[in-house]
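Summary of the model geometry
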Amino acid sequence: MFNKNIKLVLAALIVGYSGYQFAEGYIGNGIALIFLSLIFIFLYFRNEMILLAFLRMRKQDMEGTQKWLSKIKNPEAALVKKQQGYYNYLHGIIYSQKNLTQAEKYFKKAIKFGLTMDYDLAMAKLSLAGISMQKRRKREATQLLQEAKKLDKNNMLTEQIKMMQQQMKRI
C-alpha cells in the first residue's frame, strides 16, 4: 500500500510524537503511539500485499494470490530484497501450473534474492528440480534435489524428494 520509505518516515514521525506525548505527561498516549509505530516497522519488513497473497495461497486460491500480487506496482522499488524473493517465489508457484519456463525464471529470481525460511528455499529448489527433470536436465535436477535435501531440516519434504529421486532413476 505504502512505499517502504514512507513506512519508515511514518514510524519515525509517530515515535517523535510519542516522545512529545511523554514529555507532556501523557504516558498512555505515548505507549499507544509506540505500539502504532511498531505496526509500520513490521510492515516495512513484511509487505502487507505479500502477506495477503500468502493467505490466499493457503486456501489454494491462485487467482486471489495473483490479484494481491498484481497490486504491487514496481516491486524493485516497493519491496525489500527478501520481499522480492517471496514475490518471485509466489509467482513461481502460480506459473508452475501454467507455464514451466516462466515458473523456472521466477524460482531462479526467488533463490537469487533469497528467502528467509529454509523450508521455502528448499521448496523453491525442489520445484526447480522438477522443472529441470521435465526438461531432461538430469544433472541440474540432481544437484537441486541434493540442495533441497540439505535445506529440509524438519523433514517436511522427504516424501517429495524420494518420489523425485525415483522418477530420476527412470530417466
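Residues numbered from 1 in each chain as written. Predicted model: local features only at pLDDT ≥ 70, side-chain atom pairs only at ≥ 80, totals over all residues. Heavy atoms only, no water.

Our focus in this paragraph is the overall build of the protein. Looking only at helices and strands, one finds 10 helices and 0 strands in the protein. Seen in sequence order, the protein has helices and strands lined up from the N terminus as α-α-α-α-α-α-α-α-α-α. For a compact globule of 171 residues, the expected C-alpha radius of gyration is about 16 Å, and the protein comes in at 21 Å, more than 25% above that figure. Summarising its shape, the C-alpha atoms of the protein cover approximately 75 × 30 × 25 Å along the three principal directions. The 171 residues of the protein split such that 40% are buried. Long-range contacts, defined here as pairs at least 24 residues apart, represent 55% of the contacts in the protein between residues at least 6 apart. Only carbon and sulfur atoms are counted for the fraction: they give 59% of the accessible area of the protein, which is about 10500 Å². Separation of charge centres in the protein, based on 28 positive and 12 negative side chains, amounts to 6 Å. (Helix = DSSP H or I, 4+ residues; strand = E, 2+ residues; numbered from the N terminus. Rg over C-alpha atoms; globule rule 2.2 N^0.38 Å. Buried < 20%, exposed > 50% of the residue type's maximum accessible area, 1.4 Å probe, protein only. Contact = heavy atoms within 4.5 Å. Areas by Shrake-Rupley, 256 points an atom, 1.4 Å probe, with all protein chains shown as cover. Lys, Arg positive; Asp, Glu negative; His and termini not counted. Charge placed at Lys NZ, Arg CZ, Asp CG, Glu CD.)

So, on to the packing of helix 7 (residues 100-113) against helix 8 (residues 118-134). Angle between the axes and distance between the axes: these two values describe a pair of packed helices. Put simply, helix 7 and helix 8 touch, their axes get as near as 10 Å, and they point 145° apart. Of the two possible hands of crossing, helix 7 and helix 8 adopt the one that is left-handed. Taken together, the residues of helix 8 that come into contact with helix 7 (itself represented by Leu-100, Ala-103, Glu-104, Phe-107, Lys-108 and Ile-111) are Leu-121, Ala-124, Lys-125, Ser-127, Leu-128, Ile-131 and Gln-134. Looking at the contact of helix 7 with helix 8, its residues break down into 8 nonpolar, 2 polar and 3 charged. (Axes fitted to C-alpha atoms, helices over the stretch in contact; angles between N-to-C directions. Left-handed = near helix turned anticlockwise from the far one by under 90°. Nonpolar A, V, L, I, M, F, W, Y, C, P; charged D, E, K, R; others polar.)

Let's shift gears to a nonpolar patch on the surface. A cluster of nonpolar residues, Phe-22, Ile-27, Ile-31, Ile-34, Phe-35, Leu-38, Ile-41 and Phe-45, forms a patch on the protein surface that exposes about 700 Å² of accessible area. Of all the elements, helix 2 (residues 27-45) adds the most residues to the nonpolar patch, at 7 residues. (Patch = residues over 30% accessible without salt bridge, like charges linked within 9 Å, V, L, I, M, F, W, Y side chains within 5 Å. Salt bridge = Lys/Arg side-chain N within 4 Å of Asp/Glu carboxyl O.)

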